[in-house]
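# Analysis of the macromolecular model
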Amino acid sequence: MPRTPEAATVTPLHSDMPSRPGTGAAPAIVLEDVRKTYGRGASAVQALRGISFEIRDNEFFTLLGPSGCGKTTLLRALAGFEHATGGTIRLFGQNIMDVSAHRRPVNTVFQHYALFPHMTVAENVAYGLRRLRRPADEIAAAVAETLRLVKMETFADRRPTQLSGGQQQRVALARALAPHPKVLLLDEPLSALDLKLRQAMRQELKQIQAKTGITFIFVTHDQDEALSMSDRIAVMSDGLVQQVGTPTEIYERPANRFVAGFVGDANFIKAAIMSRANTEVTCKTIGGLELRADGKKARAGQRDVTLFLRPEKVRLGAPGQGSVDGVVATLQYLGNACLMEVDIGEATPLLVSERIADVDQPRRAAGDRVGVKLDPRSLQVLEE
Amino acid sequence: MANLPENATLRRSLALGPAVLIVGAFMLVPVAIMGVYSFLEAKSFGGVTWSFSGDAYVQLFYERLLDDSLRLSSGYLIIIARSFFLALVATVSCLIVGFPVAWFIARRPLGQRNMWILLITIPFWTNQLVRTFAWIIILGRNGVIEAPFRWAGLLGEGETLGLMYSDFAIAVGLTYTFIPLMVLPIYASLEKLDFSLVEAGADLYSSRWETFSRIVIPLSKPGIVAGCLLVFIPSLGAFIQPDLLGGGKKLMLGTLVQFQFSTARNWPFGSAIAMILLAFVIAFLMLYARAARGAKAMEMRR
Amino acid sequence: MTAQDDIVPAAALPGTKVRRAFGEVPGLKTLAFCFLAFLYLPIGVLVAYSFNEGNIVMVWTGFSTDWYAQALADADIRKAAMNSLIVAVSATAISTTCATLAALALARGGAFRGKVALLGLISLPLMVPEIVTAVATLVFFSSIGLRLGLGNVIIAHTTFCIPFAFMPIRARLEGMDTTLEQASRDLYASDWETFRLVTLPLLMPGVLAGAMLAFVISMDDFIITLMVAGAGDTTLPVYIYSMIRQGITPEVNAVSSILLLFSIAMVTAYWFTTRQKPGRNIH
């Protein structure tokens, strides 16, 4: 079957030249004000409300957000299953808005794998290469190599229905990797696996990404998954990108209250800013507590700011030894840690997570009086 | 796909075309033409003359006397009434036998269930005419049922139980033919029924009868309604059963239509009866659609 | 049916122990087996009497297969059987093709105006009573003066076979995971390749089921053929009907038995071939 000329202009992107790891200068994908609206008029739903960011080549990039935030819509727009209603998507500089799914050098690992039940594992993996009209020997070699990469080489002649969920997952990954796409899209691929398998697969996915040098775009609602695997994360909510950054930036320097609350546990304390020195500010909480916090953009005299603090950044000591004294209100024993609500006279009690690492560590109980130490560097003023 | 390439509309039309054209041209159009025929005048040996006349419908209720005056006549109304009565009898007997059988099958282990369904489906896919014909051998004069009576001397030469060519024979034939259509939908809804609901009913102090009437019946109602309709509608318009087992004396709507076209050669009148039969069927289907919508709405509210 | 009483047993008195498991109603098993007997007895009687030696059906005189020999040698019966096969095969081929295309368009063609109406139109032959279809078709053919012989019968059969072929194909399509087709397009397959390599192979069981239904329905039809077919275009059921009209002989039983066993063999074979495939794939 003759390929159309349009295909020819895209096909060079498939060339098996090794990707350039670490060349951050060349973005793999550039999104500019991408919009997607379903329906028309009053009943229209805006799934994407102007998304702009870049994904670098050879990056493990994660779209993180609660269900309905638009992350899957965005992934499907990248794959070509949905047509964005506005904006541009560039793949290695080429605008692919009008390129249909089967001409995009982008492959997808589907949430429920979508393996062809009437084909063997090897036929599934060879499918994309056959459609690209690659020579038979090249296909055979690529199938063998990719199956080895996902440790499924002994299953080549099985049918997908004869495999376990974890094995199907590996085949789905192999099938999408076999044509050496420029970008691999993974739509919550681990969500159907049980916990142990999921954790093992995280490491493996990361290794495979490093080995192949393919840009991975990974969609998940699981913050642990996102933090443990990604080079960078885009946190999405309500059709908008809330923050793009490395896992450390996202967790330790969340851009706003949504990101802080969605990724990990957080304490939020309402306060007013009294004064500022360099990046450090002094603020007063509603409960009358005077605290020093980190706030680059905060202005003196600002009222109604939110202070943010991770529970594990709080240190407990004997009464009188911290910034403020409190009473343990509730306590959950988690084995390796203790999760407490400590009443410090604010509107809401302070959530404290204390690691149990030391044999001599004092065991807490509800009703204990404790001294609460708050490090000014871990207490941040949130923007908006 | 939310967005299809532009030629998708054309492709879709081409794909839908053949089926739509065939059903439209050879089903919808013929029924419409028949509707027109029912308002025309009959030619003596079949066919019609193209002049408007409501005679066909008048003929259903009135008899035209020699002096051209009309007299109320019950002949055809009795046939309509018999059709409804026999269809109802068939439906009720199918339900009485079909529900317990469906319940029994639904409570079997999976492998056995499939076997039972196969066994019930097989006769349904065999030739209706032949299966109805078999009942002549059973119910007929000197048939399987009469044979032992004759052998015991209870039935003399020339005497008969008179089972054949009766409303009873037609009802048996209809029940026999359509009962799989009752069992299958009821089975489908009973199979879906979570049996722990029945146990929950028992746990909450309802008696067997209460459990049955308040839990089993409401939850299997869609199947029961569908089954009743699937039996009632084809029974109402049945031809083979009244023709073979009613012996041309006990007419139903189906046989009356056929008689008008083949023997009486009064096409407008035959068309009129066919239109009336069709109207009944459509009315029942609409009632069903409304009931089904209501049930769906109830489910949504839940 | 006295067993019916059993499914609504009298309410247990308060405090009395329930001895039977719920749902296990005594007598049900008996009823179910009586029901099976009711279903198969007429068929059994018919087949049994086809082996009767004498020429009066209901008086058993001895075992013989002569009537089968006679039926199979009868040129009219052979012609009618041939007509039945020609009609059934043609109607099945045409109706299944049309139904497959229509089902694809309706299930994969997105939303469009008039979709519900078109669905209603395609299932119209299911709703109209057979006798009405029969006379309407007769009126139609005579009013436009269409006389194609067996062609008329094939047209009529194709029309009422379409919804029967359509239903299982559509059901299969609706149950099919559309992400498989997306996966195919994602892996560089064009629309046509996706259809040929993914959609059609997965749809095949539905297409087979549809074709099988259409074939059986066409073979089974009697009323419509009776009204539409000309003198030389009789199908087997219509021929059997005319034989019954002339008087019931063991020969009618023999022909009928052959027709019955043919359908039973087809349905059973179909059932077992479709049942076993998924089972084999599981382990």
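Procedures and definitions
Residues numbered from 1 in each chain as written. Chains lettered and ligands numbered in written order. Predicted model: local features only at pLDDT ≥ 70, side-chain atom pairs only at ≥ 80, totals over all residues. Heavy atoms only, no water. Helix = DSSP H or I, 4+ residues; strand = E, 2+ residues; numbered from the N terminus. Rg over C-alpha atoms; globule rule 2.2 N^0.38 Å. Buried < 20%, exposed > 50% of the residue type's maximum accessible area, 1.4 Å probe, protein only. Contact = heavy atoms within 4.5 Å. Areas by Shrake-Rupley, 256 points an atom, 1.4 Å probe, with all protein chains shown as cover. Lys, Arg positive; Asp, Glu negative; His and termini not counted. Charge placed at Lys NZ, Arg CZ, Asp CG, Glu CD. Buried area = accessible area lost by both parts, 1.4 Å probe. Salt bridge = Lys/Arg side-chain N within 4 Å of Asp/Glu carboxyl O. Polar contact = N/O pair within 3.5 Å; in protein donor to acceptor, adjacent residues only side chain to side chain. Nonpolar A, V, L, I, M, F, W, Y, C, P; charged D, E, K, R; others polar. Pairing = 2+ DSSP bridges. Axes fitted to C-alpha atoms, helices over the stretch in contact; angles between N-to-C directions. Parallel < 35°, antiparallel > 145°, perpendicular 65-115°, else oblique. Left-handed = near helix turned anticlockwise from the far one by under 90°. Domains from an automatic or database assignment. pLDDT = per-residue confidence, 0-100. Phe/Tyr/Trp six-rings, centres within 6.5 Å; stacked < 30°, edge-to-face > 60°.

Another aspect to go through is the overall build of chain B. In terms of regular secondary structure, chain B is built from 12 helices and four strands. Here the C-alpha atoms of chain B give a radius of gyration of 25 Å, more than 25% beyond the 19 Å that 2.2 N^0.38 yields for 302 residues. Expressed along its principal axes, the backbone C-alpha trace of chain B runs to roughly 80 × 75 × 35 Å. Classification of the 302 residues of chain B by burial places 50% in the buried group. Across chain B, the fraction of contacts at a sequence separation of at least 24, relative to all contacts at a separation of at least 6, is 64%. For chain B, the accessible area works out to roughly 14,500 Å², and carbon and sulfur atoms hold 66% of it. A gap of 6 Å separates the mean positions of the 24 positive and 17 negative side-chain charges of chain B.

A separate point is the interface of chain B and chain C. Between chain B and chain C, the contact holds 83 residues from the first and 95 residues from the second. Both faces combined, the contact of chain B with chain C buries some 8,200 Å², and carbon together with sulfur accounts for 81% of it. For the pair chain B and chain C, the interface holds one salt bridge. The partner of D243 of chain B in a salt bridge is R245 of chain C, with the nearest N and O atoms 2.8 Å apart. Between chain B and chain C we count six residue pairs in polar contact (both at pLDDT 80 or more) in total. Of all the elements, helix 1 (residues 8-37) of chain B adds the most residues to the side of chain B that touches chain C, at 20 residues. A breakdown of the residues in the side of chain B that touches chain C according to their chemical character gives 62 nonpolar, 13 polar and eight charged.

Residue and element names in this part refer to chain A. Residues V281, C283 and T285 point to one face of strand 12 (residues 280-285) and are all buried, whereas E280, T282 and K284, pointing to the other face, are not buried. Both strand 11 (residues 267-277) and strand 12 contribute to a ladder of six bridges, which runs antiparallel. The residue bridging A277 from the neighbouring strand is E280, located in strand 12. Following strand 11, the chain reverses through two residues before pairing antiparallel with strand 12; N278 in that reversal takes a positive phi of roughly 55°. Relative to strand 13 (residues 290-294), strand 12 runs antiparallel, the two being bridged by five bridges. By the bridge assignment, C283 is partnered in strand 13 with L291. Counting the residues between successive antiparallel strands, the hairpin from strand 12 to strand 13 contains four residues, one of them, G288, with a positive phi of roughly 90°.

Residue and element names in this part refer to chain A. In the contact formed by helix 3 (residues 121-131) and helix 4 (residues 136-149), the axes pass within 9 Å of each other and the chain directions differ by 125°. In this view, helix 3 runs oblique relative to helix 4, as classed from their interaxial angle. Note on packing geometry: the crossing formed by helix 3 with helix 4 is right-handed. Between helix 3 and helix 4, the contacting residues are V121, A122, V125, A126, L129 and R130 on the first element and I139, A142, V143, T146 and L147 on the second. Residue composition of the contact of helix 3 with helix 4, grouped by class: nine nonpolar, one polar and one charged.

This part takes up helix 3 of chain A. The buried count for helix 3 of chain A comes to nine of 11 residues, which makes it a mostly enclosed element. Here helix 3 of chain A has its buried residues at V121, A122, N124, V125, A126, Y127, G128, L129 and R131 of chain A. Turning to helix 3 of chain A, the residues buried within the fold contact helix 4 and helix 5 (165-177) of chain A together with helix 8 (178-186) and helix 9 (191-220) of chain C. Just downstream of helix 3 of chain A lies R133 of chain A, where phi reads positive at about 60°.

Many structure descriptions define interface size as the accessible area lost when the parts assemble. Residue and element names in this part refer to chain C. Partitioning chain C into domains gives domain 1 (2-49) and domain 2 (71-282). Taken residue by residue, the interface counts four residues in domain 1 and five residues in domain 2. Interface of domain 1 and domain 2: buried area, both sides summed, is about 460 Å²; carbon and sulfur atoms make up 73% of it. Where domain 1 meets domain 2, there are zero salt bridges. Counting across the interface, domain 1 meets domain 2 through one residue pair in polar contact (both at pLDDT 80 or more). Of the residues contributing to the side of domain 1 that touches domain 2, the split by class is four nonpolar, no polar and no charged.

Residue and element names in this part refer to chain A. Pairing is mixed in the open sheet, where six strands are placed in the order 6-7-8-3-9-10. Two strands bound the open sheet, and with one partner strand each, they are strand 6 (106-109) and strand 10 (240-245). Averaged over all pairs of adjacent strands, the angle between their axes in this sheet comes to 20°, without regard to strand direction. For strand 3 (residues 60-64) and strand 9 (residues 232-237), the ladder comprises four bridges, and the chain directions are parallel. Each residue of the ladder has a partner; that of L64, found in strand 9, is V235. Seen against the sheet, helix 5 touches strand 6, strand 7 (183-187) and strand 8 (215-220) and runs at an angle of roughly 175° to strand 6.

Looking now at the sheet that holds strand 18 (residues 350-355) of chain A. Hydrogen bonds between backbone groups are what pair the strands of a sheet, and the pairing can be parallel or antiparallel. Residue and element names in this part refer to chain A. Strand order across the open sheet formed by five strands is 15-19-16-17-18, with antiparallel pairing between neighbours. The sheet is open, and its two borders are formed by strand 15 (315-317) and strand 18, each paired with just one other strand. On average, each strand axis in the sheet is inclined to that of its neighbour by 45°, with strand direction left out of account. Direction of pairing for strand 16 (residues 324-333) relative to strand 17 (residues 337-343): antiparallel, over a ladder of six bridges. If you follow V328 over to strand 17, its bridge partner there is V342.

Interhelical geometry of helix 11 (residues 253-262) of chain B versus helix 6 (residues 130-144) of chain C gives an angle of 20° and a closest axis separation of 9 Å. Of the possible angle classes, the one that applies to helix 11 of chain B and helix 6 of chain C is roughly parallel. In the crossing of helix 11 of chain B with helix 6 of chain C, the sense of the turn from one axis to the other is left-handed. When helix 11 of chain B is examined against helix 6 of chain C, the residues G254, V257, Q258 and F261 of chain B are found in contact with a partner set consisting of I131, V135, L138 and V139 of chain C. Class assignment of the residues belonging to the contact of helix 11 of chain B with helix 6 of chain C gives a composition of six nonpolar, two polar and no charged.

Time to look at the confidence of the model for chain C. Residue and element names in this part refer to chain C. In the predicted model, chain C carries a mean pLDDT of 81, and 86% of its residues have values of at least 70. Element-level pLDDT for chain C is lowest in helix 12 (residues 250-282), with a mean of 74, against a maximum mean of 90 in helix 3 (residues 75-108). Segment residues 1-19: pLDDT under 50, and 22 contacts once partners within four positions in sequence are set aside and those in other chains are kept. Counting contacts from residues 277-283, a segment whose pLDDT is below 50, to residues more than four positions away or on other chains yields five contacts.

Right, let's get into the packing of aromatic side chains. When we look at a pair of aromatic rings, we describe it by the centre distance and by the angle of the planes. A complete count under the given rule lists 29 aromatic pairs over all chains for this structure. Seen from their ring centres, F60 of chain A and F216 of chain A are 5.5 Å apart, and the 40° between their planes marks the pair as tilted. Here the residue F60 of chain A occupies a position in strand 3, and F216 of chain A occupies one in strand 8, the gap between them amounting to 156 residues. A ring pair is formed by W135 of chain B and Y176 of chain B, whose centres lie 5.4 Å apart and whose planes are at 70°; its orientation type is edge-to-face. Within this pair, whereas W135 of chain B is found in helix 5 (residues 128-139), its partner Y176 of chain B is found in helix 7 (residues 167-192), the two being separated by 41 residues in sequence. For Y176 of chain B, a relative accessible area of 0% translates into the label buried.

What follows concerns the pattern of salt bridges. Enumeration according to the criterion identifies 22 salt bridges over all chains in this entry. Taking the shortest distance from any N to any O, the salt bridge between E193 of chain C and R131 of chain A comes out at 3.6 Å. Taken as a pair, E193 of chain C in helix 9 and R131 of chain A in helix 3 lie in two separate chains rather than in one. Both residues of the pair, E193 of chain C and R131 of chain A, belong to the buried class. Residues R369 of chain A and D325 of chain A are paired through a salt bridge, measuring 3.9 Å at the closest nitrogen-oxygen approach. Note that R369 of chain A is positioned in strand 19 (residues 369-373) and D325 of chain A in strand 16, a separation of 44 residues in sequence. Under the relative-accessibility criterion, D325 of chain A is labelled partly exposed at 27%.

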